[in-house]
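Geometric and topological summary
Spelled out from the first residue to the last, the chains are:
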Amino acid sequence: MSMPSQNFDDLVADFPSERESIQRLSNVLSAQKAFMTVEQLVDRARPNSYGAFLQILSELVRQGVLKRRVRVYSPGEHFVGEFESLVKIPTELEDERTGQLFQVGMENLRQVFRPR
Amino acid sequence: MDEKVLFRLLRLARRGEVTQLLKDHRLPYSGSWDELLTNRVPHAVQSGKVQIAELYDLVRAAEEFGRQRVFLYLPLRESRNGPPSEQRVHEWAIHRGVARRMTTPHLVESVDEPEVVHIASDELPSGRGITIKEIDRRHLRRQIEEDDQQALVVVTYEKTFIRVVNIVRIHSDGLVEFRVGTRGAGPTAQATEERLWSLLRPLLEQEDYEPLSLQDTRRNLFQQRAKLAKRIRFSEMQIRTAGGATLRMKHEEHEADLFDDEFIERTAAEADDSSTCDGEYFTFLKQVKGQPRADVRIDLEGPVNSFAVIGHCTPADYEHALTELRRFGR
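The following paragraphs examine the structure supplied in this document. (Residues numbered from 1 in each chain as written. Chains lettered and ligands numbered in written order. Predicted model: local features only at pLDDT ≥ 70, side-chain atom pairs only at ≥ 80, totals over all residues. Heavy atoms only, no water.)

**Side note on the overall build of chain B**
- When its secondary structure is counted, chain B shows nine helices and eleven strands.
- C-alpha extents for chain B along the principal axes are approximately 65 × 55 × 55 Å.
- The buried share among the 330 residues of chain B stands at 47%.
- Within chain B, counting contacts between residues at least 6 apart in sequence, those at least 24 apart form 62% of the total.
- As displayed, chain B has an accessible area near 16900 Å², and 48% of this comes from carbon and sulfur atoms.
- Averaging the locations of the 49 positively and 55 negatively charged side chains of chain B gives two centres separated by 5 Å. (Helix = DSSP H or I, 4+ residues; strand = E, 2+ residues; numbered from the N terminus. Buried < 20%, exposed > 50% of the residue type's maximum accessible area, 1.4 Å probe, protein only. Contact = heavy atoms within 4.5 Å. Areas by Shrake-Rupley, 256 points an atom, 1.4 Å probe, with all protein chains shown as cover. Lys, Arg positive; Asp, Glu negative; His and termini not counted. Charge placed at Lys NZ, Arg CZ, Asp CG, Glu CD.)

**Here's the deal with the pattern of salt bridges**
- In the structure shown here, the tally under the stated rule is 35 salt bridges over all chains.
- In this structure, Glu96(A) engages Arg67(B) in a salt bridge whose closest nitrogen and oxygen atoms are separated by 4.0 Å. Of this pair, Glu96(A) sits in the loop between β4 (92-95) and β5 (100-103) while Arg67(B) sits in strand β1 (residues 66-75), on two different chains.
- Across the pair Arg97(A) and Glu236(B) runs a salt bridge whose closest N-O atoms are separated by 3.2 Å. (Salt bridge = Lys/Arg side-chain N within 4 Å of Asp/Glu carboxyl O.)

**Some points on the environment of Ile52(B)**
Residue and element names in this part refer to chain B.
- Within the element layout of this structure, Ile-52 appears in helix α4 (residues 52-63).
- By relative accessible area, Ile-52 is classed as buried at 18%.
- Distance in space between the C-alpha atoms of Ile-52 and Phe-7 is 9.6 Å, their sequence separation being 45 residues.

**Here's the deal with the sheet that holds strand β1 (residues 36-37) of chain A**
All names here are of chain A.
- Spatially, β1-β6-β2-β3 is the arrangement adopted by the four strands of the open sheet, whose pairing is antiparallel. Since the sheet does not close on itself, it has two edges, and those belong to β1 and β3 (79-83), each with one partner.
- With four bridges connecting them, strand β2 (residues 66-73) and β3 associate as antiparallel partners. Across the sheet, the residue bridging to Arg-71 is Glu-82, located in β3.
- Each of β2 and β6 (109-115) is contacted by helix α4 (residues 50-62), which is oriented at about 110° to β2, the strand it contacts most. (Pairing = 2+ DSSP bridges. Axes fitted to C-alpha atoms, helices over the stretch in contact; angles between N-to-C directions.)

**Remarks on the packing of helix α2 (residues 19-31) of chain A against helix α3 (residues 38-45) of chain A**
Residues and elements named next belong to chain A.
- In the contact formed by α2 and α3, the axes pass within 8 Å of each other and the chain directions differ by 120°. Between α2 and α3, the angle falls in the class oblique. Considering how the two elements wind past one another, α2 and α3 form a crossing that is right-handed. Listed contacts from α3 to Ser-21, Arg-24, Leu-25, Val-28 and Leu-29 of α2 are Leu-41, Arg-44 and Ala-45. (Parallel < 35°, antiparallel > 145°, perpendicular 65-115°, else oblique. Left-handed = near helix turned anticlockwise from the far one by under 90°.)

**Topic: the packing of aromatic side chains**
Residues and elements named next belong to chain B.
- Tallying each qualifying case throughout the model produces ten aromatic pairs over all chains.
- On the numbers, 5.9 Å between centres and 85° between planes, the contact of Tyr-73 with Phe-178 is edge-to-face. In this pair, Tyr-73 is assigned in strand β1 and Phe-178 in strand β5 (residues 176-181), connecting sequence segments 105 residues apart. The residues Tyr-73 and Phe-178 share a single accessibility class, namely buried. (Phe/Tyr/Trp six-rings, centres within 6.5 Å; stacked < 30°, edge-to-face > 60°.)

**Side note on the interface of chain B and chain A**
- On the side of chain A, 18 residues touch chain B, which itself brings 19 residues to the contact.
- Buried surface at the junction of chain B and chain A, both sides included, amounts to about 1500 Å², of which 35% is carbon and sulfur.
- With its nearest N and O atoms 3.6 Å apart, the salt bridge here joins Glu94(A) to Arg67(B).
- Our enumeration of links across chain B and chain A arrives at nine residue pairs in polar contact (both at pLDDT 80 or more).
- Within the residue set of the side of chain B that touches chain A, elements represented by two or more residues are β3 (127-148), β10 (296-300) and β11 (306-312) of chain B.
- By residue number, the principal contributor to the side of chain B that touches chain A is β3(B), which donates four residues. (Buried area = accessible area lost by both parts, 1.4 Å probe. Polar contact = N/O pair within 3.5 Å; in protein donor to acceptor, adjacent residues only side chain to side chain.)

**Considering unusual backbone geometry**
- Residue Arg201(B) is joined to Pro202(B) through a cis peptide bond whose omega torsion reads 0°.
- Here Pro202(B) is to be found in the loop between α6 (189-200) and β6 (209-211).
- Residue Pro292(B) follows Gln291(B) across a cis peptide bond; omega there is -5°.
- With respect to the helices, strands and loops of the structure, Pro292(B) is situated in the loop between β9 (276-284) and β10.
- Here Arg46(A), not a glycine, exhibits a phi torsion of approximately 50°, which is positive.
- Here Arg46(A) is to be found in the loop between α3 and α4.
- Take Arg46(A): its relative accessible area is 52%, and that puts it in the exposed class.
- A positive phi angle, close to 70°, is found at Glu77(A), a residue other than glycine.
- Relative to the assigned elements, Glu77(A) resides in the loop between β2 and β3.
- The exposure class assigned to Glu77(A) is partly exposed, which follows from its relative accessible area of 40%.

**Quick look at the pairing of strand β7 (residues 232-240) of chain B**
Residue and element names in this part refer to chain B.
- Most of β7 is tucked away: eight of the nine residues are buried.
- Strand direction decides the pairing type here: β7 and strand β8 (residues 246-250), joined by five bridges, are antiparallel. Paired with Gln-238 across the two strands is Arg-248, which belongs to β8.
- The hairpin turn running from β7 into β8, its antiparallel successor, is five residues long, and Gly-244 in that turn takes a positive phi close to 95°.

**A word on a negative patch on the surface**
- On the surface, Glu145(B), Glu146(B), Asp147(B) and Asp148(B) cluster together into a negatively charged patch.
- With respect to the helices, strands and loops of the structure, Glu145(B) is situated in strand β3. (Patch = residues over 30% accessible without salt bridge, like charges linked within 9 Å, V, L, I, M, F, W, Y side chains within 5 Å.)

**A word on the side chain of His171(B)**
Residues and elements named next belong to chain B.
- One can find His-171 in the loop between β4 (153-170) and β5.
- Owing to a relative accessible area of 2%, His-171 belongs among the buried residues under this scheme.
- Setting aside its immediate chain neighbours within four residues, His-171 contacts Pro-83, Leu-124, Ser-126, Glu-177 and Leu-322.

Structure (structure tokens):
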């Protein structure tokens, strides 16, 4: 999948110190089909500033280049569900693999991104 | 049968199934779910247009298939006498004080102790067999308080009891199948299976049976993965090498096939005949024509004669899954 280069050029203009990490991010997203966590993207893009990188991801989501989802995993590390935002996640969910109910905490959540 | 309890248990069924039943009898089916269960269905029964047995079948279909761990056994070769006769089942039921359950199911919403509620003669894929249905209770645990004291953290949970269904089926080809409800917390599936073996005495004796190993099923499904791509989607796989090392493969994308990933496929192809499949998690994919009519998720990990059906499925889809798992083991 090729990424719209205009979006990335605009980002470089807004975050000039992240020129190289934005280029690496563009390359990663062009080759990537699956969802990736923030940590995986940071690992690949190697930004200078974590905070700036989060702003870059948010901007790409806002522009519709990236899709952001929140995934819930049970204490047994089973995938339980995927939600558009935190507010849509119930406080309790059931892991169907084990039949166990669990209270959803931050440790059960993974924010993931994927090219649209 | 207690009709009021039956109408309440009907909530376990899918609304579409209840609506379809009313449609089939050319009865009105509009209104809310509550309206259907408290008004339309009772009226349909009172008018004699819908039989109680039809509603009971809907409850059976809704709660007897899926969300269970299944254990399979075959009679030992030297004791293959076929399934017990109806007379022997009747004698056993008298011995256990549940003879009435052969003619009248006991409709209960909840129990304090496991209770045999129905002994049915059912048409199964291999011919007429016996189904013994037990209602059991397990619980869901919710943390309601956490008290952080000096050297202790005291956590208080609230228990909510839930109804689960355990099933024993004795097939005409000798297969004995235990389906243990696994929702919530409670005894392990193996512990419940052991208890059910005790319950079956003296109708069936565990020492006359051997576990039906699904090890060949695991291997054959894995080896035939390319051919099965339109029927089975693999999500997890664990391979153990002859040297004792374990390779666990898992796809993070829950709707993707593990072996669509080139690296995973290349790696899996390296597994030779001396490797064994320790476990698989896969989905029998919904088919446009034929079974299953909806995806059926199977956890083929754990005891070698066991698998788990994740989520609810219809009776027909369950029978398809069981038949396929046995077929791939031959």
